[in-house]
Structures are given as C-alpha cells and as structure tokens.
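Residue-level structure breakdown
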Amino acid sequence: MSWLRIAADLLREAMNSSSEPEPVQEAPLPVDISGVIGILNRHRSEIDKNFKTVAEMLNAQNERHLKAIQIQRRWNYGLTTAVVVVAILAIASYWRG
C-alpha cells in the first residue's frame, strides 16, 4: 500500500465521520449516459468541496505553526541576548575583581 493511498483512505474516513449521519439516498441507476455524467459531476463536486475543506484546515494549521515558530524565535533572541549580557558582566567583574 502506498502512502498516498493511506492518506486518501484517512482523508475519506475523516470526511465521512461527521457528528450527524447523512441520509443515504437510494436512487435508481441511470440508464443513459447523461445520467452517469450527472452522477460523476456530482461526485466530483463533492470531492472538490472536501478537498477545499482539507486545504483550509491545513492552511490554518500552517498559520498556527508559523506563529509558534515566530514566538519561539523571539524567545531564542531574548535568551541569547540575556546570556551575552551575563557573560559580559561576568567578564567585567572578573577583570575588576
């Protein structure tokens, strides 16, 4: 099994596991080609809607991750500055000492 197939299966399960069960529509199978094309178009539009939802969720997660990285970077700069200041004070006290 490829990773892409596993990801697609997980995505399919996540999209189908809603809090409210969707009513199953039992429709007779179309006999003509236009009916089959209509079913395919409906299926494609549902897939597009689901992929848009997943893309929005991933974009939101990416934004949260970038914000966390920025906060961490600020902390790292602050801590580095504090270590440099303490080192300068330690060196200064040693020379005067």
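In this convention, every chain numbers its residues from 1, walking through the sequence in written order. Per-residue local features are limited, in this predicted model, to residues with pLDDT of at least 70; the limit for side-chain atom pairs, both in listing and counting, is 80 or more; totals at the level of whole chains, interfaces and linings are taken over all residues. Values reported for side chains reflect all heavy atoms of the structure, with hydrogen atoms and water molecules removed beforehand.

**Concerning the overall build of the protein chain**
The following threshold applies: Helix and strand assignments come from DSSP, with helices taken as H or I runs of at least 4 residues and strands as E runs of at least 2, each series counted from the N terminus. The rule is simple: take the accessible area with a 1.4 Å probe, protein chains only, and divide by the maximum for that residue type; under 20% is buried, over 50% is exposed, in between is partly exposed.
In terms of regular secondary structure, the protein chain is built from two helices and zero strands. With 97 residues in all, the protein chain has 2% of them scored as buried.

**Looking at the packing of aromatic side chains**
Note the threshold: Here the aromatic set is Phe, Tyr and Trp, taking the six-membered ring for Trp, and pairing holds for ring centres within 6.5 Å; pairs whose planes are under 30 degrees apart are stacked, those over 60 apart are edge-to-face, and all others are tilted.
For the structure on display, the rule yields one aromatic pair. Seen from their ring centres, Y94 and W95 are 6.2 Å apart, and the 75° between their planes marks the pair as edge-to-face. Taking relative accessible area as the criterion, W95 reaches 69% and is therefore assigned exposed.

**Structural notes on a nonpolar patch on the surface**
Note the threshold: Patch membership needs two things, relative accessible area over 30% and no salt bridge, and members are linked within 9 Å if like-charged or within 5 Å if nonpolar (Val, Leu, Ile, Met, Phe, Trp, Tyr). With residues, only the protein chains shown are counted as cover, and all accessible areas are computed by Shrake-Rupley using a 1.4 Å probe. Salt bridges are counted wherever a side-chain nitrogen of Lys or Arg sits within 4 Å of a carboxyl oxygen of Asp or Glu.
Together, W3, I6 and L10 make up an exposed nonpolar region whose accessible area comes to about 380 Å². Looking at the element boundaries, I6 is found in helix α1 (residues 3-16). Here I6 falls in the partly exposed class, since its relative accessible area comes to 31%.

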